[in-house]
Amino acid sequence: MADSFMGKAATMEIPINSNGETLAEDDSLEQAAKIQWTLDEKDLQQVMVSGPNLNETSIVSGGYGGPAGGIIPTSSIKGPAIHFNPQYVDRRRPPAPNWSGMHHSNSNQNMSVEEANRGVAVEKLDSVKKWGINTYKCTKQMFSERFGRGSRTVDLELEAQIDVLRDTKRKYESVLRLTSALTSHFYNLVQTQQALGDTFADLSQKSPELRDEFGYNAETQKLLCRNGDALLGAINFFVSSINTLVNKTMEDTLMTIKLYEAARLEFDAYRADLEELSLGPRDAATMVRIEVSQQQYQVQRDKYERLRSDVTIKLKFLEENKVKVMHKQLLLFHNAISAYFAGNQQQLEQTLRQFNVKLKPPGSDKPSWLEES
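All of the points below concern the structure found in this document.

Rules of the game
Residues numbered from 1 in each chain as written. Predicted model: local features only at pLDDT ≥ 70, side-chain atom pairs only at ≥ 80, totals over all residues. Heavy atoms only, no water. Helix = DSSP H or I, 4+ residues; strand = E, 2+ residues; numbered from the N terminus. Buried < 20%, exposed > 50% of the residue type's maximum accessible area, 1.4 Å probe, protein only. Axes fitted to C-alpha atoms, helices over the stretch in contact; angles between N-to-C directions. Parallel < 35°, antiparallel > 145°, perpendicular 65-115°, else oblique. Left-handed = near helix turned anticlockwise from the far one by under 90°. Contact = heavy atoms within 4.5 Å. Nonpolar A, V, L, I, M, F, W, Y, C, P; charged D, E, K, R; others polar.

## A short note on unusual backbone geometry
Phi is mostly negative for residues that are not glycine, and the peptide bonds are mostly trans.
Stage number 1. Phi angles above zero are rare outside glycine, and asparagine 356 is one such case at about 55 degrees.
Stage number 2. By the secondary structure assignment, asparagine 356 is in the loop between α8 (345-354) and α9 (369-372).
Stage number 3. Asparagine 356 gets classed as exposed once you look at its relative accessible area, which sits at 61%.

If you want it as structure tokens, here you go:
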């Protein structure tokens, strides 16, 4: 019965109207639909298991009662055989998502983010509060010292060394400025001598009657230019060493001194605060404040002592380094200047070799043809 029903349903024509809707008057279609939905599960399984193989069935194209040519045997369609086993069909509905659990996890995550943000905000607020209190105390101490109302911690020996260093730095900066100006002027002189020597050499070729005189002057200017380049190398080496000593070594020590002076001001500010609290009443609240102030005073004192030790050590090493560097550079400067103006080329070259001064090759300062274009 199932085979005859499926064969009839496969070739049944479904009439439709102009709107694409099926005609309700077709009783045979309605009866066929009722018979199809009344098949129980057991008959359906039997039909599907014991029914014909899909490779042996045929596909009918066209309407009811169409020509036999519209039947296409499926055996001509290549492909694997399809077997349907109803017992593996899962008729259960998928489980509904656990919206309550997801909402709970999202709320926990939001709460953790809020707590983290709140912790960061509290930490920043505490740091700003501490900075404000420290700035207020240091400003109060600074004005008290300027107006003669407060006391300050003074290390007379260290303060004298710091004053000497600052005065020495100013003088060395003056030496650096003057030697830089000397280098610039002497460089222009050497360039002028080189241009003058080239002009004399050109005139020597174009003036046969004065060839020897122009030639002598051209050779003299070239020799002066060569010795001038050597002296420029020595002066540049001197300027570079002084610049390193002043703007790096001395500046590094002065930066440590600035940190030391700031630590000294903070130490005196917390010391004055502790002394003020110690002179007040000794109730419970004041004792707590005195204990906290003592802890802060000890922290600032340790910081002050550490930076004072650092400044002392750096001043000692700076003095030793300054003497060593300036001894070498002053000897180089003297020997190079003396040899140049005495016209002693060999002595000048020997001085450069003695202090390991390397000269730039001729024409290295000139721009390349690409830069000129």
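## Observations regarding the side chain of glutamate 266
Stage number 1. Mapped onto the elements of the fold, glutamate 266 is located in helix α6 (residues 211-278).
Stage number 2. The exposure class assigned to glutamate 266 is buried, which follows from its relative accessible area of 15%.

## Regarding the packing of helix α7 (residues 284-341) against α8
Stage number 1. The geometry of α7 relative to α8 is characterised by a closest axis approach of 8 Å and an angle of 160 degrees between their N-to-C directions. By the angle between their directions, the pair α7 and α8 is classed as roughly antiparallel. Here α7 runs over α8; the crossing is left-handed. Note on element contacts: α8 touches α7 through Gln347, Leu348 and Thr351, opposite Leu332, Asn335, Ala336 and Ala339.
Stage number 2. Looking at the contact of α7 with α8, its residues break down into four nonpolar, three polar and no charged.

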